[in-house]
Amino acid sequence: MAESNVLQSQRKTRQSMMNQLHRHEEKLEGFDDFTLASSWERFISEIEAVCRLWLADGPKNLLDKGADCLGSPNHLYKVKFELKCGTKCYCIEYYFEINSKDKVVEWNDDLHNLQLYFGVKEFLVIAPISASGVVLDAPEASKLLSAVAIALSNCGSTWPAFVPVHDPSRKAYIGIQNMGTLFTRRFEADHIGSQVPIRLMHLEGLYELFVSKFAFSTVDLSTNFFNVHFTMKLTYRTPPRNEDDDIQGGEFEVTEAEGNSESNTRNKTQWDDDCPWTEWYSAEDPVKGFELIAMWSSRSVESSLDMAELENASSHEAKKWLLLPMLTPNLNSDPKGNVVGFASQLRLLVSALELSFKAQFMEDFLSGENPGSENLKPSAATPPPTVVDRVLKDLFHEGELISNYAKAEQKNSRVIKGAPLESLFAQFCLHSLWFGNCHIRAIALLWIEFVREVRWCWEESQPLPRMLTNGVIDLSTCLIHQKLQMLALCIAKKLNNHHGSETPEEISSVKPENMVASEDVDPPNRLRRGSAGVVGSTMLLKSNQRLHAPYTQDAPIMTEDMHEERLHALEAFGNTFSFSAQLERDVLSLDMSAFKAANPEAIFEDFIRWHSPGDWEDDRTELNDKSRDQNDWPPRGKLSERMSGGGNSWRQIWNDSPPLAASEQKPLLDPNREGEKILHYLETLRPHNLLEQMVCTAFRASADSLNQTSFGDLKQMAMKVEQLYLTMASSLKPLQTNHLTEKGEFIDDLKRLCLVFEHIEKLLILAASIHRKLLHAPRLSKAIFGDYFDFYVPRMGTSSIGNGNEKEFNKRQAVTMSEREVVANMFTVPTANQSWRKVLSMGNLLNGHEPILREIIFTVNDSIYGARGYHQEIETHRMYICGTSNDLRVALSVTSCD
């Protein structure tokens, strides 16, 4: 479809130009031009007509008429027209810029080859429409160039024109430019593909090659002086990284552990050994190295000796350094390729979620009779027992003791209803991503073994690894994590209660200090049981005794589903209570029983004064404690209106509550019963319910892992990571609220989320690589990453980032003088082990490394004097030289008087 649109656009452009040519001919109606006798002359006339139209339109109008942009920031555009001469067809192209300077800037990265070769701004190229696109016959090339020159002369145009010649691989051209009535400029470009003469590998020989183009052949070039302008651009590439370099300490990147002797002596085998994702996979280094461009400003040289000195000069003498990271092609490849990372495995987990709705129990996926098994690929084999054992060992027997989950969380992490990164279930989910390539059968096998191991911990009263037992259930997490938290607490209570063997009477018998005789009380209520001590100087209302605070049971610990069950049960109880929703009727009753046991003479009003002092109105609130008489008894006051009303529920509960110390009460949490209920939940969990919680947790844990990456002060990366969490929270919300309606549409949303995750993961790994390689040049690190970020982000909305037609990232960043030493240190001096390095031959070395490319521009000017004192300074000769020790390209332009 895209090619069809392009062809239609080209036909419309050609038709428009033909119409303009016809209108031009109509102006000459009635005039027969008998001078156009041959087809070649008619060919010249047609070229002239096309060029006149382009000249008349000008760049801005041509742009409005659909000129093709070559994708350069310098805004180089192109229009073209097809011509025919006899049986041969040609294409003439006009290259132009918009709002650019009159003079071409040397060493601009955005220059067209012909602009760089010859220093021209706008130009024409005429070439045959053929497979090669070049003119192989020399007479034909000269004749074609002459035709264009005549046409341009007739138009009064000074555009240079070029014809590609020779073999296409040589990228050779001949060209001509009419510079008015006095001068003509001729161009020629070619290259030597192999066996470059040794003298042309060095600046002396290249200088003499240029001088030979205008000096007399009898002149000794090594002893004569010529005023030649010279500028140079050298491109260096950091040496490739290999294991030998690592062992010898030749790694060019600087790590943040540089000051640590242990880190320095450890032999690294991977660039990302200390990165957070390496626990799960090893990422290919996105930065293969750096290209450094050193540019010398224009200067005058007079002899070969000057050039010899320049070849031995340090690269630090260059006026400008530019740095470009050499990036792996995977950064611009299709995300659905072979790149392995969290995103690729999350995509597999989403596919497993899609299949999880086809069975009732996880065991069904391990059976051949499962209705969903026909959707599994033959390669979806479960891993061997040794792999299962290794995973279980890591989860349960090598699990770390966790004191706090928050340190591994990003501030928006808790918005996603998963499990904390360091928790048992989160680690299970991360292992599942890589276990058996994360297909549903492998997940089923690992889950069954996981639950068996959890049951073993329960039955043997072994603490659950990676789980906190701080008495709090985090209701912002997924239900499986809550259940495991509850189970860990139940195991802890079993251990504290000596495996649950004590009865309430046995527990109470080991606390004699809490059983104190109360004065003036008849047995058997005389004993004060479960007292935690007196409450200041507070006295009971009906007994001249101190008020004692009781020991009470902790508030009930509940998971999310238990809260829902309690709320349903409270609907029948009514809304008569104004206390907190977590304090239910049975908790209040137990607190009242404990208070009665600690204060046998207490009445309801005493309990209110201790438990809810806001509901007791003291008649002497205006008096401070010091002004009160200690013998002023009984205390005077009254219940609040809320508590004194008829039919008050609190008073009813008080009347029904027997005096029982906390040690005598029935526990609010029966660890044996709750533990078995949790195991039953885990063992009978529906596959889709498991996978839904796994997806949320895996996304959150993967992001939390990547979020621990050190990438310096790269604000764009921090912003993207924060946006990722918000995007995940929004995309995963249907799973978190159990409102999964359109399954197919939701699965597509999750796959799109995987694509977003892929982009962020790539950017973050790149940020880490650039940061550690330029650790001591933070400004340069931020600038380079910012350049790539601006290049990459506009492509994140597409399903495929790169293709053959898109421009590669090539923006170079200027290196300041203070940063040059850091960059130079990346070019480590070759070691004795690196015997594979080729023999150095070109000169201009940087820490022993020759440039991979050397580009030079020689120019010479001359003053032209004419009649009546006419004087003009013109560039008579220009030579662009580009090459290495085995490849040399030369482009020469010569200006002469016609």
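Residues numbered from 1 in each chain as written. Predicted model: local features only at pLDDT ≥ 70, side-chain atom pairs only at ≥ 80, totals over all residues. Heavy atoms only, no water.

A few points about the overall build of the protein
Across its full length, the protein holds 26 helices and 20 strands. Of all 898 residues assigned to the protein, the portion counted as buried reaches 49%. Long-range contacts, defined here as pairs at least 24 residues apart, represent 71% of the contacts in the protein between residues at least 6 apart. Only carbon and sulfur atoms are counted for the fraction: they give 50% of the accessible area of the protein, which is about 44,800 Å². (Helix = DSSP H or I, 4+ residues; strand = E, 2+ residues; numbered from the N terminus. Buried < 20%, exposed > 50% of the residue type's maximum accessible area, 1.4 Å probe, protein only. Contact = heavy atoms within 4.5 Å. Areas by Shrake-Rupley, 256 points an atom, 1.4 Å probe, with all protein chains shown as cover.)

With respect to the packing of helix α22 (residues 715–731) against helix α24 (residues 743–773)
At a closest axis distance of 10 Å, the pairing of α22 and α24 adopts a crossing angle of 165°. Between α22 and α24, the crossing angle belongs to the class labelled roughly antiparallel. α22 and α24 meet at a crossing whose hand is left-handed. Of the residues in α24, those in contact with M717, K720, V721, L724, T727, M728 and S731 of α22 are F746, L750, L753, V756, F757, I760, L763, L764 and A767. (Axes fitted to C-alpha atoms, helices over the stretch in contact; angles between N-to-C directions. Parallel < 35°, antiparallel > 145°, perpendicular 65-115°, else oblique. Left-handed = near helix turned anticlockwise from the far one by under 90°.)

Remarks on the pairing of strand β10 (residues 320–327)
In terms of residue burial, β10 counts as a mostly covered element, since six of its eight residues are buried. Where strand β9 (residues 287–301) lies against β10, eight bridges are found, and the strand directions are antiparallel. Bridge pairing in β10 places F290 opposite P325. Pairing of β10 with strand β17 (residues 813–815) involves three bridges; the strand directions are antiparallel. Opposite W321, over in β17, you have V815 as the bridge partner. (Pairing = 2+ DSSP bridges.)

Observations concerning the pattern of salt bridges
What the rule picks out here adds up to 35 salt bridges. Between E683 and R455 there is a salt bridge; the shortest N-O distance is 2.8 Å. Of this pair, E683 sits in helix α20 (residues 671–683) while R455 sits in helix α12 (residues 440–459), placing them 228 residues apart in sequence. Since its relative accessible area comes to 36%, E683 is described here as partly exposed. Put simply, R455, E459, E676 and E683 are held in one network by salt bridges that share partners. (Salt bridge = Lys/Arg side-chain N within 4 Å of Asp/Glu carboxyl O.)

Observations concerning the nonpolar core
Ranked by internal contacts, the top residues of the largest apolar core, which has 160 residues, are W277, F425, W447 and L464. Discounting residues that sit within four places of it in the chain, W447 has contacts with M362, F425, F428, I480, L682, L685 and L690. One finds W40, A67, V135 and A147 within the second-largest nonpolar core, a separate group that totals 37 residues. (Core = buried A, V, L, I, M, F, W, Y, C linked by side-chain atoms within 4.5 Å.)

Concerning helix α13 (residues 479–496)
In a regular helix each residue adds 1.5 Å, so 18 residues correspond to 26 Å; α13 covers 26 Å between its end C-alpha atoms and thus fits that length. Among the 18 residues of α13, 14 are classified as buried, and the element is accordingly described as predominantly covered. (Expected span 1.5 Å × (residues − 1).)

Quick notes on the pairing of strand β6 (residues 172–178)
For β6, the buried fraction is high: five of the seven residues fall into the buried class. Where strand β5 (residues 161–165) lies against β6, five bridges are found, and the strand directions are antiparallel. Looking at the pairing, F162 lines up with G175 of β6. A loop of six residues connects β5 with β6, the two strands running antiparallel in sequence, and H166 in this loop sits at a positive phi of about 65°.

A closer look at the confidence of the model for the protein
Of all residues in the protein, 77% attain a pLDDT of 70 or more, and the chain-wide mean is 81. Considering only residues more than four positions removed or in separate chains, one finds that residues 1–7, a stretch of pLDDT under 50, has zero contacts. Confidence drops under pLDDT 50 across residues 499–510; counting only partners more than four residues distant or on other chains, this segment forms 13 contacts. (pLDDT = per-residue confidence, 0-100.)

Focus: unusual backbone geometry
Even without a glycine there, the phi angle at C438 is positive, about 60°. Residue placement: C438 occurs in the loop between α11 (424–434) and α12. At N847, a position not held by glycine, the phi torsion is positive, near 50°. Within the secondary structure, N847 sits in the loop between α26 (820–824) and β18 (853–865). Taking relative accessible area as the criterion, N847 reaches 33% and is therefore assigned partly exposed.

Here's the deal with the packing of aromatic side chains
Tallying each qualifying case throughout the model produces 42 aromatic pairs. Between Y77 and F96 the ring centres are 6.0 Å apart and the planes differ by 25°, which places this aromatic pair in the stacked class. Linking Y77 in strand β2 (residues 76–85) with F96 in strand β3 (residues 88–97), this pair joins segments that are 19 residues apart in sequence. In this structure Y77 comes out as buried when scored by relative accessible area, which is 11%. Ring centres 6.0 Å apart and planes at 80° place the aromatic pair F123 and F162 in the edge-to-face group. Here F123 is found in strand β4 (residues 123–128), whereas its partner F162 is found in strand β5, with 39 residues between them in sequence. Here the two residues F123 and F162 agree in accessibility, since each one is buried. (Phe/Tyr/Trp six-rings, centres within 6.5 Å; stacked < 30°, edge-to-face > 60°.)

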